[in-house]
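Structural description and commentary
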Amino acid sequence: MAASDSEGERLQKVLARVGIGSRRSCEDLIAEGRVTVDGEVAILGRRVDPETARIAVDGAPVGVRPDLVHLLLHKPVGVVTTADDPQGRPTVVQMVPDEPRVFAVGRLDVDTEGLLLLTNDGELAHRLTHPSYGVEKEYVAEVEGVPTRATLRRLREGIDLDDGPTAPARASLVGDAPGGSAMVRLTIHEGRNRQVRRMCEAVGHPVRRLVRTRIGPIADRALAAGSWRELTGDEVRALEVAVADPTT
Ligand code: URA
């Protein structure tokens, strides 16, 4: 239900808090009819409950809930993505603050390093991992041997794995590595178990090292293994745009 005249927070205040602009410029956005609340164009003076309102600027959803956190971790090798490990190995949730409790969005194998999102935003996590939204994940793999152009084409067109063919992907050689190996950049938009390792293995180039370098619009070359940071407001909005429902 919409917050009445006296309930909730002023819309421009909520928008300013999440970094859309100053209160004044947010008032201008509202006056220009560029802000919607629950799908309806908002008018100046509108109050909202930031915990429940679906707010969008120029059609792009704005994450305004103060209770939500979105962390970006550079998972090192040897750390598991599950919350508890029966073998007692370190877990990704131990690498970030305990409060508020967050969970990993999707998973990386224990041997894979690179970017992993952790959040308590269930709706965003669901969309980011659901195949129908097709969010891209980019990996750089060091593989044994040097794949030919024909092999890269096979990786792009789809590989028959034991759980079915892979969807079209992007694959390119980014350089040779020492010891008869090569660096391959692979961009996929599925999240099947050990998918990149299995794709490379299937074309005769087992993976020696695998790093996830991008999740949709989120990349950070400067984030060292074992470090984490909060996503910026712009990054959260970019993720929300990446998984926005085109029908709403
Ligand atoms: N593909 C893999 O093989 N492993 C991962 O952790 C992610 C994608």
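1. A few points about the nonpolar core
Soluble, globular proteins show a tendency: their nonpolar side chains are buried together. Counting 30 residues, the largest nonpolar core has Val92, Leu118, Val143, Leu155, Leu186, Val196 and Met199 as its most contacted members. Those elements that provide at least two residues to this core are β7 (70-75), β9 (113-119), β10 (137-144), α4 (149-157), β14 (181-188), α5 (195-202) and β15 (207-215). When residues of this core are assigned to their parent elements, the largest contribution, 4 residues, is made by β14. Sequence-distant contacts of Met199, defined by excluding residues within four places in its chain, comprise Leu155, Ile159, Leu161, Thr166, Ala169, Leu186 and Ile188.

2. A closer look at the site of the ligand
Near the ligand, the surroundings consist of Leu108, Asp109, Thr112, Tyr139, Arg194, Gln195, Val196, Arg197 and Leu210. Between the ligand and the protein, one listed contact pairs an oxygen atom with a side-chain N or O atom of Thr112 at 3.3 Å. Backbone polar atom of Arg194 to an oxygen atom of the ligand: 3.3 Å apart, as the coordinates give it. Looking at the shell around the ligand, the element that brings in the most residues is α5, giving 3 residues. Taken together, the residues of the shell around the ligand break down into 4 nonpolar, 2 polar and 3 charged.

3. Observations regarding the side chain of Thr151
Looking at the secondary structure, you find Thr151 in helix α4. In terms of polar contacts, Thr151 uses its side chain to reach the side chain of Thr148, at 2.9 Å. Those residues in contact with Thr151 that lie beyond four places of it in its chain are Val203 and His205.

4. Details of the sheet that holds strand β6 (residues 60-62)
Taken in spatial order, the 4 strands make up an open sheet running β3-β2-β5-β6, and their pairing is antiparallel. The open sheet has two free edges, formed respectively by β3 (40-41) and β6, since each of these has just one partner strand. For strand β2 (residues 35-37) and β3, the ladder comprises 2 bridges, and the chain directions are antiparallel. Among the inter-strand pairings, Val37 is bridged to a residue of β3, identified as Glu40.

5. Digging into the pattern of salt bridges
Under the definition given, this model contains 22 salt bridges. For Arg24, the salt bridge identified is with Glu27, shortest N-O distance 3.9 Å. Here Arg24 pairs with Glu27, and both are found in helix α2 (residues 23-31), just 3 residues apart, close to one helical turn. With a relative accessible area of 55%, Arg24 lands in the exposed category. Salt bridges linked by common partners bring Glu136, Glu138, Arg170, Arg185 and Arg214 together as one network.

6. Looking at the domain arrangement of the protein
Looking at the assigned domains, one finds that the protein contains domain 1 (9-62), domain 2 (70-131 + 218-242) and domain 3 (136-215). Its C-alpha centre places domain 2 at a distance of 22 Å from the equivalent point of domain 3. Taken together, the two surfaces of domain 2 and domain 3 that pack against each other cover about 1100 Å², and 40% of this comes from carbon and sulfur. When the buried surface of domain 2 facing domain 3 is broken down by residue, Asp109, Glu113 and Leu115 rank first, second and third, together holding 38% of it. Salt-bridge contacts for Asp109 lead to Arg197; the nearest nitrogen and oxygen are separated by 2.7 Å. Scanning the region where domain 2 abuts domain 3 turns up 8 residue pairs in polar contact (both at pLDDT 80 or more). Looking at the side of domain 2 that touches domain 3 element by element, the count peaks at 5 residues for β9.

Calculation notes
- Residues numbered from 1 in each chain as written.
- Predicted model: local features only at pLDDT ≥ 70, side-chain atom pairs only at ≥ 80, totals over all residues.
- Heavy atoms only, no water.
- Core = buried A, V, L, I, M, F, W, Y, C linked by side-chain atoms within 4.5 Å.
- Buried < 20%, exposed > 50% of the residue type's maximum accessible area, 1.4 Å probe, protein only.
- Helix = DSSP H or I, 4+ residues; strand = E, 2+ residues; numbered from the N terminus.
- Contact = heavy atoms within 4.5 Å.
- Near = heavy atom within 4 Å.
- Polar contact = N/O pair within 3.5 Å; in protein donor to acceptor, adjacent residues only side chain to side chain.
- Nonpolar A, V, L, I, M, F, W, Y, C, P; charged D, E, K, R; others polar.
- Pairing = 2+ DSSP bridges.
- Salt bridge = Lys/Arg side-chain N within 4 Å of Asp/Glu carboxyl O.
- Domains from an automatic or database assignment.
- Buried area = accessible area lost by both parts, 1.4 Å probe.

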